[in-house]
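Observations on the three-dimensional arrangement
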Amino acid sequence: MVPVAYGGGIVLMTVGEGAAQRSALWEAGDDAVVAILDGTGAVVGGANASFSRNANAVGGRAVFRVAEDHCRYEVRELRDGDGSPWRLRREPFVAFSPDGNAVLATDALSEHLVVRRASDGKRLRTFDVGRDTSAYGWEDADSVVFTCFRGASTLITRCSVSSGGCRQAAELPGTERIPQRIRRVG
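Below, the structure is looked at part by part.

What counts, and where the lines are drawn
- Along each chain, the written sequence defines residue order, and numbers are assigned to residues from 1.
- Confidence filtering applies because this is a predicted model: local features only for residues at pLDDT of at least 70, side-chain atom pairs given and counted only at 80 or more, and all residues used for totals across whole chains, interfaces and linings.
- The basis for the side-chain values is all heavy atoms of the structure; hydrogens and waters are excluded.
- When two cysteine sulfur atoms are found within 2.5 Å, that pair is recorded as a disulfide.
- Classification of residues uses two cut-offs on accessible area relative to the type maximum, computed with a 1.4 Å probe and protein chains only: under 20% is buried, over 50% is exposed, and between them is partly exposed.
- A helix here means a DSSP run of H or I that spans at least four residues, while a strand means a run of E at least two residues long, and both kinds are numbered starting from the N terminus.
- Two residues qualify as a contact provided that any one of their heavy atoms is within 4.5 Å of a heavy atom in the partner residue.
- DSSP bridges decide pairing: two strands pair if at least two such bridges lie between them.
- For the purposes of these results, a polar contact is taken to be a pair of N or O atoms within 3.5 Å, where, inside protein, one atom must be able to donate a hydrogen and its partner to accept one; residues adjacent in sequence count only when each atom of the pair is a side-chain atom.
- We define a salt bridge as a side-chain nitrogen of Lys or Arg found within 4 Å of a carboxyl oxygen belonging to Asp or Glu.

1. Focus on the state of the cysteines
- In total, this model carries one disulfide according to the counting rule given.
- With its sulfur 2.1 Å from that of its partner, C159 forms a disulfide with C166. Taking the sign of the S-S torsion, about 110° here, the bridge from C159 to C166 comes out right-handed.
- The class for C166 is partly exposed, based on a relative accessible area of 43%.

2. Concerning the environment of V75
- Considering the arrangement of structural elements, one finds V75 in strand β7 (residues 72-77).
- According to the relative accessible area criterion, V75 is buried, its value standing at 0%.
- Every residue in contact with V75, bar those within four places of it in the chain, is listed here: R61, A62, V63, S84, P85, W86, L88, F96 and A118.

3. Details of the pairing of strand β11 (residues 112-117)
- Pairing geometry for strand β10 (residues 102-106) and β11, over five bridges, is antiparallel. Its bridge partner being in β11, T106 is matched across the sheet by L113.
- Hairpin connection, β10 to β11: the antiparallel pair is bridged by five residues, and S110 has positive phi, about 60°.

4. What about the environment of R125?
- The topology assignment puts R125 in strand β12 (residues 123-128).
- On a C-alpha basis, the gap between R125 and L104 in space is 9.7 Å, while along the polypeptide they are 21 residues apart.
- Beyond its immediate sequence surroundings of up to four residues, R125 is in contact with L113, V114, V115, S160, V161, S162, S163 and G164.
- At 2.9 Å, the side chain of R125 forms a polar contact with the backbone oxygen of V161.

5. Let's talk about the pattern of salt bridges
- By the definition in use, this model includes seven salt bridges.
- Between E74 and R87 there is a salt bridge whose closest N-O contact spans 4.0 Å. Of this pair, E74 sits in strand β7 while R87 sits in strand β8 (residues 86-89), placing them 13 residues apart in sequence.
- Of the residues examined, E74 reaches a relative accessible area of 9% and is grouped as buried.
- Between E139 and R158 there is a salt bridge, with the nearest N and O atoms lying 2.5 Å from each other. Separated by 19 residues along the polypeptide, E139 in the loop between β13 (133-138) and β14 (143-150) and R158 in strand β15 (residues 153-160) bring together distant segments of the chain.

Geometry only, nothing functional implied.
Written out as structure tokens, the structure is:
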């Protein structure tokens, strides 16, 4: 069993390996899995929101791998174990926003960051980050940050989802001392 995300006292996890791998919810204080989420493959990531099955609770969302192709994922609502799933097609998942309302992904070539609404997959914003990006992620519910190299420096850029604007947040000199290129991570 591998825990993937936690919220509202419930753990979202992957159980098993290979063809027998399934996703599951584990409620705090219980000694058993609350529900095996049938029809879903490995869990890729969970929204930082409540995964409670209580009808009055806010439903969380999680991303499941749905095919052997590692670039195809399904975003599914977890309040009742199903919901309206939608797919990230050729956009590898990076992370949910801290409030769980948006999904950050990259395009197939990792030249753009794509922000989609978590509830229905509507594209909210696309940021051109270029091929020299080394890391990216959420700073807060409205800001995405990414790093890239320029000469011997690493640049940190902050982009606002609501406005679409980007600006350089910091420049870190001395990256020429790093013995090898930092591999791309989400």
